[in-house]
Amino acid sequence: MAVPDPKASRAVLVGVHAYTRLEPLPPVAAGVTRLAQLLRDPSVWGLPATHVTVLGSDASGDTILGAIRDAASECTDTLLVYFAGHGLRDRSGEQLYLALADADDDHPEIGSLRYSSLRLVVGRAGYKARRRITLLDCCYSGLAGGMGAGTLARPDLAQLLDQDHSDDIDDETDGYGSCVLTSAPKTGRSFAPPGARYPEFTGEMIDILDHGIEGAGPTLSPDRMWRLVRRRLRTRNSPEPQQFGHNSVVLHDWVYNRAHQPPRMHAPLNSRATAPSQPEASQTPETPLPARAQIGPPSTIPSARAEARRSRTSSHTGRRDAPNMTRRRVLQVGTAIATAGGITTAVILSRDDEPGPDQWRLRWRFTAGGGPTAEPSVVGGVLYTSNDNYNLYAVTVATGTQKWVYKHNDYAISPPTAANGKVYFGGKYSQLYAVDATTGTQKWALDVGTVSTAPVVVDGVVYVGTSSGSPHVYAVNATTGRRKWALAVEAAIDASPAVANGVLYCGDAKGNVYAVDAATGKQKWSTRKGDQIRSSPQVAGRLLYVASKGGQGLYALDVTTGAQKWVFPIPRVDSPPFVVADGKMYVVNQEETVFALDAETGAKRWTYRIPTNEYISGGLAIVNGVVYLGSDDHNVHAIDASTGKKRWMFATGGDVMGTPAVTDGIVYAGSTDKHVYALDAASGKKLWACKTDTEIFSVMIADGVVFARDYNSGRDYDASIYALDTGPRPSVTK
């Protein structure tokens, strides 16, 4: 496999970090610099230095467009255009503006570069380029996709660009076309916390370029990278990246995979259709993984993406059709909208399934408008949730009716925590809020900085970490909102702290681990372990467990001194939480493997690998000696916690992205096939399946009710939460 010819390719990278009227974005400058370094590196792509143009905050709109024109005119293979900075939208919410140094939020037409102008130049000047890749890391960047993403035949595009086209060219193999990868949906924001090294979306792309993807083969396509970035950001409740593409350009090789190792043994690789259903428990993390089979062209509508995976031939995907999942489907393709440099097609995927016998379980659906910003919480018969319309909602569990709504001028990005008659949550714009749980009236608000993780409430004190400005850990009186103490830390806090035995433990974005007296704020000890820490620490007995994205991976530290007891090398462990239970530590790496370690010694007990090498998008549920998880292979998996052997596997019709919920011998899981499933925990037998109108991202259970959350990815519907009954069907009284 070969990456695009560096000599015939060009890249234009724009990073605007300094603004006169908008908030500065220091991580943008570091991100564009590091991205340029990696693209020039022969082990990544190897572009000559003269083929990479880097522009900063002093660049005008004409300068940027001129640089793209010049690069495109010399490009015959792959043209890459990247922008990072603020994104603005007009009053109609339909036009995207790339904010330059003098941009005005109230008047986006002033001091900004209209994205449609950039797209026009990319398309017209870059007509000789076989592939055009645009990366946008800014708020509302999903507006770049217009109505959605679809494909047109190459002759149609050639006609629009006044270009000759030969009928004997195969669009699938030639890779002609363009794709746009964005950091957020059309209504979503992107984040570049001042305490972070890079902007969130760019940082994940840089991490993949820098470290590669284990088991992904010698090269990486834009789609392969985008799907991993999307999964990582989903698990952190961050805005979901979008993908818009023309033809199969996103599936073609783009960069070398630094994590790839040649196979040690020349044995035939089983396709997914013949993959063994039972993973080898003795397989070690160092064993090279087979190259992952390509999937069909992606769509911005996940249900369409899932359908494309199943409908393509096995020679392209190697995916097995899930048993008992045959359904009649209707695919409607709307009018194509063509503009130079950007072609979109409205695609709607619908099913004509008859309502199943379990539809009575759907108690209610709550839709407030906009996209979700965090996981909801349920306390005392009330569900609390926030959306990107700057509102916090309280919903009565019994009826699904809105109890109250708290309107604020912030972008709530932390999950709400309900305790002691109040609801606590943090926002992007530096506030920690407390709202009366009964009435929805504000009790207090404290300026602390960006709070992106769930507040922790212990003994009348609210503990939070911040990720903007000068990052701190705060202790706040839960009743009055008065600050008790604040401890400065070196970098952003990306996970909720843990409080145990009067001590607060937390980690920051540079790998520092802190132990702090919870009453006084006095630091007991600190130590650096690896790179970013994005999972909350856990305390079990005399040991503190932390997971670092860089460095060695998993650490066990003495809770009193911080001394390292053991370390286990799992590279780039990210947000999905690890679980310590029954003397073992269970953890998922960023790919397709579950590890079980001895909690005292760190010795590996077993590994379980998803047979088809698909991602494990959520966390783990360990109940009664069984590990339950969902995967992008469309299955719910049950693993024996003692041996690592498969107990059972249940096939759904879509990705199972969230952590299963387990209670009273029943496993509940949601799928992007628009169903919530109830499975027998012992056998995996389906007990019932309830159809929903939208794809399910996560499930939780509280007060005897299953709550399923979908994920509005900048689509044409608002995010919803479903409530489903779990008990027997009520009898009808005549």
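This text follows the structure it describes.
A brief report on the enclosed structure follows.

Side note on the pairing of strand β34 (residues 564-569)
Strand direction decides the pairing type here: strand β33 (residues 553-558) and β34, joined by 5 bridges, are antiparallel. Of the residues in β34, the one forming a bridge with tyrosine 555 is valine 567. The turn joining β33 and β34, which pair antiparallel and follow one another in sequence, is formed by 5 residues; a positive phi near 85 degrees is taken by glycine 562.

Comments concerning the pattern of salt bridges
Per the stated rule, a full pass over the model turns up 18 salt bridges. Arginine 232 is the salt-bridge partner of aspartate 207, the closest N and O atoms lying 3.1 Å from each other. Highlighted residues: aspartate 207 in helix α6 (residues 200-211) and arginine 232 in helix α7 (residues 222-235), separated in sequence by 25 residues. Here glutamate 490 ties to lysine 510 by a salt bridge, and the two come within 3.7 Å at their closest N and O atoms. With glutamate 490 in the loop between β26 (483-488) and β27 (498-500) and lysine 510 in the loop between β28 (503-507) and β29 (512-517), the pair connects residues that are 20 residues apart, well separated along the chain. For glutamate 490, a relative accessible area of 43% translates into the label partly exposed. If you follow the salt bridges from partner to partner, you end up with Arg34, Asp41, Asp210 and Arg258 in one network.

Re the sheet that holds strand β39 (residues 621-623)
Two strands in a sheet stick together by hydrogen bonds in their backbones, pointing the same way (parallel) or opposite ways (antiparallel). The sheet built from 4 strands is open, its strands ordered β39-β40-β41-β42 with antiparallel pairing. Edge positions in the sheet fall to β39 and β42 (646-651), since each has one partner strand and no second. Ignoring which end each strand starts from, the neighbouring axes of this sheet average 15 degrees apart. Two strands pair when backbone bridges link them, and strand β41 (residues 635-640) and β42 are joined in this way by 5 bridges, in the antiparallel orientation. Residue histidine 637 lies in a different strand from β42, and its bridge partner there is methionine 649.

A few points about the environment of lysine 7
Looking at where lysine 7 falls in the secondary structure, it is placed in the segment before β1 (10-15). When the C-alpha positions of lysine 7 and glycine 46 are compared, they lie 8.8 Å apart, and in sequence the two are 39 residues distant.

Examining the pairing of β1
For β1, the tally of buried residues reaches 6 of 6 residues, placing the bulk of the element in the interior. Of the two faces of β1, both are covered, the one formed by Arg10, Val12 and Val14 as well as the one formed by Ala11, Leu13 and Gly15. With 6 bridges joining them, β1 and strand β3 (residues 78-84) adopt parallel strand pairing. Counted as the bridge partner of glycine 15 is alanine 84 from β3. Pairing analysis gives 4 bridges linking β1 to strand β2 (residues 52-55), with the strands arranged parallel. Bridge pairing in β2 links alanine 11 to valine 52. For the handedness criterion, the β-α-β arrangement of β1, helix α1 (residues 26-40) and β2 is classed as right-handed.

Some points on the sheet that holds strand β47 (residues 696-702)
Spatial strand order, β14-β49-β48-β47: 4 strands in an open sheet with antiparallel pairing. One side of each edge strand has no neighbouring strand; the edge strands of this open sheet are β14 (362-367) and β47. The sheet shows a mean angle of 20 degrees between the axes of neighbouring strands, direction not considered. Pairing geometry for β47 and strand β48 (residues 705-710), over 6 bridges, is antiparallel.

How each quantity is defined
- Residues numbered from 1 in each chain as written.
- Predicted model: local features only at pLDDT ≥ 70, side-chain atom pairs only at ≥ 80, totals over all residues.
- Heavy atoms only, no water.
- Pairing = 2+ DSSP bridges.
- Helix = DSSP H or I, 4+ residues; strand = E, 2+ residues; numbered from the N terminus.
- Salt bridge = Lys/Arg side-chain N within 4 Å of Asp/Glu carboxyl O.
- Buried < 20%, exposed > 50% of the residue type's maximum accessible area, 1.4 Å probe, protein only.
- Axes fitted to C-alpha atoms, helices over the stretch in contact; angles between N-to-C directions.
- Right-handed = clockwise from strand over helix to strand, strands pointing away.

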